[in-house]
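Spelled out, the chains give:
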Amino acid sequence: MLELMSQAPSPITPGTYFGWGDVMIQSGNLVVIIAMLVLFVLALVLPFPGGRSRK
Amino acid sequence: MSTVKESSPDPEVAGTGAYTWTGKSRQWFLRHLPPDKLLPEDQPSYVATWAYVFGMGAVAGLVFIIGSGVVLSLNGPQWYHVSSLGHFTNSVHLWSVELFFMFMVVHLWIKFWMAAWRGGRLLTWITGMVAFLVSIVTAFTGYLLQTNFDSQWIAFEAKDALNAVGIGAWFNVANLGQIFMWHIMLLPLAVGAVVALHVVLVRAHGVVPPLDAAGTDAQLRDSNGTSPEPEANQP
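The shown structure was predicted, so the numbers you read here are calculated from the model rather than taken from an experiment.

1. Brief notes about the overall build of chain B
- The secondary structure content of chain B amounts to eleven helices and zero strands.
- Counting from the amino terminus, chain B carries its helices and strands in the arrangement α-α-α-α-α-α-α-α-α-α-α.
- Per-residue burial over chain B gives 20% buried out of 235 residues.
- By sequence separation, contacts in chain B at least 24 residues apart represent 70% of the contacts at least 6 residues apart.

2. Some points on the overall build of chain A
- The secondary structure content of chain A amounts to two helices and two strands.
- When each of the 55 residues of chain A is scored for burial, the buried share is 2%.

3. Here's the deal with the pairing of strand 1 (residues 17-20) of chain A
All names here are of chain A.
- In this sheet, strand 2 (residues 23-26) lies alongside strand 1 in antiparallel orientation, the contact comprising four bridges. When the bridges of strand 2 are listed, G19 appears paired with M24.
- Hairpin connection of strand 1 to strand 2: two residues between the antiparallel strands, including G21 at a positive phi of 65 degrees.

4. Here's the deal with the domain arrangement of chain B
Residue and element names in this part refer to chain B.
- The assigned domain composition of chain B is domain 1 (50-114) and domain 2 (118-205).
- A straight line from the C-alpha centre of domain 1 to that of domain 2 covers 14 Å.
- With nine residues of domain 1 at the interface, the matching set in domain 2 holds nine residues.
- Of all the secondary-structure elements, those providing two or more residues to the side of domain 1 that touches domain 2 are helix 5 (54-75) and helix 7 (84-113).
- For the side of domain 1 that touches domain 2, the leading source of residues is helix 5, giving five residues.
- Of the residues in the side of domain 1 that touches domain 2, the class split is seven nonpolar, two polar and no charged.

5. Some thoughts on the packing of helix 5 of chain B against helix 10 (residues 176-205) of chain B
Residues and elements named next belong to chain B.
- Across the interface, helix 5 lies against helix 10 with an axial gap of 12 Å and an inter-helix angle of 155 degrees. Relative to helix 10, the element helix 5 lies roughly antiparallel. The crossing of helix 5 and helix 10 is left-handed. Packed against helix 5, whose contacting residues are V59, L62, I66, G69 and S73, the element helix 10 presents I184, P188, V195 and V199 at the interface.
- Considered class by class, the residues forming the contact of helix 5 with helix 10 number seven nonpolar, two polar and no charged.

6. Examining the nonpolar core
Residue and element names in this part refer to chain B.
- Among the nonpolar cores identified, the biggest contains 25 residues, and A58, F100 and F103 are the most heavily contacted of them.
- Going through the elements one at a time, helix 5, helix 7, helix 8 (122-144) and helix 10 are the ones with two or more residues in this core.
- Counting residues per element, this core draws most heavily on helix 7, at seven residues.
- A domain split of this core shows at least three residues from each of domain 1 (50-114) and domain 2 (118-205).
- When sequence neighbours within four positions are dropped, the list of residues in contact with A58 reads F100, F103, M104 and H107.

7. A few points about the packing of helix 8 of chain B against helix 10 of chain B
All names here are of chain B.
- It is the contact of helix 8 with helix 10, at a shortest axis distance of 9 Å, that shows an interaxial angle of 160 degrees. With respect to their mutual orientation, helix 8 and helix 10 come out roughly antiparallel. Of the two possible hands of crossing, helix 8 and helix 10 adopt the one that is left-handed.
- A class-by-class count of the residues in the contact of helix 8 with helix 10 yields 17 nonpolar, ten polar and no charged.

8. Concerning helix 5 of chain B
- In this model, helix 5 of chain B (22 residues) spans 32 Å end to end at C-alpha, consistent with the 32 Å of a helix rising 1.5 Å per residue.
- Considering only its buried residues, helix 5 of chain B is in contact with helix 2 (27-45) of chain A together with helix 7 and helix 10 of chain B.
- At the C-terminal side of helix 5 of chain B, G76(B) shows a positive phi close to 90 degrees.

9. Details of the UniProt feature "transmembrane region" (unreviewed entry) in chain A
- Within this structure's numbering, the places UniProt gives as "transmembrane region" (unreviewed entry) are residues 30-48 of chain A.
- Taken end to end, residues 30-48 of chain A has its terminal C-alpha atoms 28 Å apart, with 84% of it in helix and 0% in strand.

How each quantity is defined
Residues numbered from 1 in each chain as written. Chains lettered and ligands numbered in written order. Predicted model: local features only at pLDDT ≥ 70, side-chain atom pairs only at ≥ 80, totals over all residues. Helix = DSSP H or I, 4+ residues; strand = E, 2+ residues; numbered from the N terminus. Buried ≥ 20, exposed ≤ 12 C-beta atoms within 10 Å, placed from the backbone. Contact = placed C-beta atoms within 7 Å. Pairing = 2+ DSSP bridges. Domains from an automatic or database assignment. Nonpolar A, V, L, I, M, F, W, Y, C, P; charged D, E, K, R; others polar. Axes fitted to C-alpha atoms, helices over the stretch in contact; angles between N-to-C directions. Parallel < 35°, antiparallel > 145°, perpendicular 65-115°, else oblique. Left-handed = near helix turned anticlockwise from the far one by under 90°. Core = buried A, V, L, I, M, F, W, Y, C linked by C-beta atoms within 7 Å. Expected span 1.5 Å × (residues − 1). UniProt positions renumbered as here; feature names shortened; annotations may be inferred.

Laid out in structure tokens, this is it:
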């Protein structure tokens, strides 16, 4: 059992938090939100491959 | 009696065969979901943009989620919490969920600003929202199954909220076995059914045109043999 426990990663990993006043967000969540915003903008501005040749 | 029979067309003579519930169902499906709508050969030109990719991206994510989830459930926690391949499959499951939600949220944003409920697509919009909500509950039960301090913390914070809305008695987040069954059986069935209905509705109504190409939508409906309805009457 102790061997199994030692193989498991440390369960206490609070991560990095950013805060502005009352607003606080964990770094992973912030990265996901920024990635979604970037995907949204790229989807609007990037040309679609082969799009012009279609009817 | 005989005059009544003569006034209504005999389905056998008319060749429709729609005098049983199976025949009537077949006619209904053929009328609303003809094969060329379900599996179309091509799409309107306005679909050739990245903005129309994210719905299918979310479906691709869901396929990976279900595939990795099946492998996880076949092998069990003693495998995926300890072995290298188990850890990898567990990570594939997690990252498929991350991509599923990211694609789904971008899909939601794009469709919201396109007013994608136009042209009789209200039910498509509603099933999309239901799919989003059911997916959140499913992901939540997945977080509870990590069986670490994170999941314990999430469960004991969430139980107060669930008790407050009155469902804590039968949806008990501290009951690992119950949440396990919800996560691998009931909620995947619900997500799968709602997403399937959503995709079928998209196929039935066609993908929504951009706002500046709304006239194309009427042309599409005309070419499908259905009578166009005034845009003002659409929900």
